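Coordinate analysis (summary)
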Amino acid sequence: MSMKEDNQSSNMDFILLGVSGHQEQEDFFFILFLLIYPITLIGNLVIILAIHSDIRLHNPMYFFLANLSFVDIFFSSVTLPKMLANHILGTKVISFGGCLTQMYFMIALGNTDSYILAAMAYDRAVAISRPLHYTTIMNPWCCALLVVRSWVVGNANALPQTLLTAKLSFCGHQEVANFYCDMAFLLKLSCTDIYFNLKMMYVGVGVFSMPLLCIIISYVRVFSTVLRVPSTKGVLKAFSTCGSHLTVVSLYYGTVMGMYFRPLTSYSLKDALITVMYMAVTPMLNPFIYSLRNRDMKAALGKLFHRGISS
Ligand SMILES: *[C@@H]1O[C@H](CO)[C@@H](O)[C@H](O)[C@H]1NC(C)=O
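Residues numbered from 1 in each chain as written. Predicted model: local features only at pLDDT ≥ 70, side-chain atom pairs only at ≥ 80, totals over all residues. Heavy atoms only, no water.

**Side note on the overall build of the protein**
- Each helix and strand counted, the protein has ten helices and three strands in total.
- From first element to last, N terminus to C terminus, the protein shows the α and β order β-α-α-β-α-α-α-β-α-α-α-α-α.
- In summary, the protein has a C-alpha radius of gyration of 21 Å against a globular reference of 19 Å for 311 residues, a match within 12%.
- Counting only C-alpha atoms, the protein reaches 65 × 45 × 35 Å along its principal axes.
- Taking all 311 residues of the protein together, 50% fall into the buried category. (Helix = DSSP H or I, 4+ residues; strand = E, 2+ residues; numbered from the N terminus. Rg over C-alpha atoms; globule rule 2.2 N^0.38 Å. Buried < 20%, exposed > 50% of the residue type's maximum accessible area, 1.4 Å probe, protein only.)

Laid out in structure tokens, this is it:
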């Protein structure tokens, strides 16, 4: 490993210490990710295929869901294959360029995910509280706009964060205490003044978390509408579908905000375990949580499998 005391970090290598830093536990996480990654890919791919092949699912809710699956496929591909490949090759090295690439796409896709989740909640709120105006409000143009906005915000958030990190110097501190190049863990290693980077990181987490407000408002509208109609069945149905959405959503925002809204000095290796939650587990759970409790989706999946078997 080269020890460089200048700001030429461009041809420097970083060491990814892994989730735990202990060899036996790394073997466990290798097996875990080896299971999680294909499940994530196949689960999300099946959702996209099922939605696009069934004309009854050609409406905003399912288009957003297909978009969420599309993003999740790439999101999990930013970090998991590199971790798996390094473990197989018996190396922990990642180049500085590779590091910044991971960082960029992790922030961009994570934010896109977050804004699509908000679009999905908004869509449900409109469908339940203003059913008569639903098709006018959620017209194809509005849906496309919400999707495009998610991608624009994601990339607009990732670009400055990555450029600012690219300018840092590391003075030989190259051991990232995680299984991928996470921004907070990189900032902690820098020997330059990171005051501005930190400020920008908090702004970035703020931008990421804003959709949570929209999600909460949407669900409040859903619940208040449902509770006004005295039907136990309707109430139970709303609570069971929205309940599972809320579980994933709070898990997702809870871990990200709990992770980044605090001083860098409090970071330790065990925080890598928290990042496993949103880097690996949430993208895997999304297709199951949003689809499998849904009757139309189950019918579409059944049709897809039948067609697959008969062809
Ligand atoms: C994403 O949403 C748009 C607009 O609703 C839709 O046209 C497109 O097919 C969706 N993308 C995927 C991968 O399903």
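**Quick look at the state of the cysteines**
- Overall, the coordinates contain two disulfides when judged by the stated rule.
- Between the sulfur atoms of Cys 99 and its disulfide partner Cys 181 the distance amounts to 1.7 Å. Measuring the twist about the S-S bond at about -70°, one finds the Cys 99-Cys 181 disulfide to be left-handed. On the criterion of sequence distance, the pair formed by Cys 99 in helix α3 (residues 96–129) and Cys 181 in the loop between β3 (175–176) and α6 (183–189) is long-range, its members being 82 residues apart.
- On the accessibility criterion, Cys 181 (0% relative accessible area) is buried. (Disulfide = S-S within 2.5 Å.)

**Details of the UniProt feature "transmembrane region" (unreviewed entry) in the protein**
- Those places that UniProt annotates as "transmembrane region" (unreviewed entry) correspond, in this numbering, to residues 28–50, 62–81, 93–111, 200–222, 234–253 and 273–292.
- Helix and strand shares over residues 93–111 are 84% and 16% respectively, and the end C-alpha atoms of the span are 27 Å apart.
- A distance of 34 Å separates the end C-alpha atoms of residues 200–222, which is 100% helix and 0% strand. (UniProt positions renumbered as here; feature names shortened; annotations may be inferred.)

**Some remarks on the pattern of salt bridges**
- If you walk through the whole model with that rule in mind, you get four salt bridges.
- For Asp 54, the salt bridge identified is with Arg 56, shortest N-O distance 3.2 Å.
- You can call Asp 54 buried: its relative accessible area is 1%.
- The exposure class assigned to Arg 56 is exposed, which follows from its relative accessible area of 52%.
- Among the salt bridges present, the one from Arg 262 reaches Asp 271, with a minimum N-O distance of 2.9 Å. For the pair formed by Arg 262 and Asp 271, the shared burial category is buried. (Salt bridge = Lys/Arg side-chain N within 4 Å of Asp/Glu carboxyl O.)

**Re the site of the ligand**
- Around the ligand, the surrounding shell consists of His 52, Phe 63, Ala 66, Asn 67, Cys 143 and Val 147.
- Between His 52 and the ligand, the recorded distance is 2.7 Å, taken from a side-chain N or O atom to an oxygen atom.
- Here an oxygen atom of the ligand and a side-chain polar atom of Asn 67 are 2.2 Å apart.
- Look at the ligand: alone it shows 360 Å² of surface, and the protein chains cover 69% of it.
- Secondary structure elements with two or more residues in the shell around the ligand: α2 (60–89) and α5 (140–166).
- For the shell around the ligand, the element with the highest residue contribution is α2, accounting for three residues. (Near = heavy atom within 4 Å. Polar contact = N/O pair within 3.5 Å; in protein donor to acceptor, adjacent residues only side chain to side chain. Areas by Shrake-Rupley, 256 points an atom, 1.4 Å probe, with all protein chains shown as cover.)

**Points about a nonpolar patch on the surface**
- On the surface, Ile 31, Leu 35, Ile 39 and Phe 288 cluster together into a nonpolar patch covering about 350 Å² of accessible area.
- Here the nonpolar patch gets three residues from one element, more than from any other, and that element is helix α1 (residues 23–53).
- Mapping Leu 35 onto the fold places it in helix α1. (Patch = residues over 30% accessible without salt bridge, like charges linked within 9 Å, V, L, I, M, F, W, Y side chains within 5 Å.)

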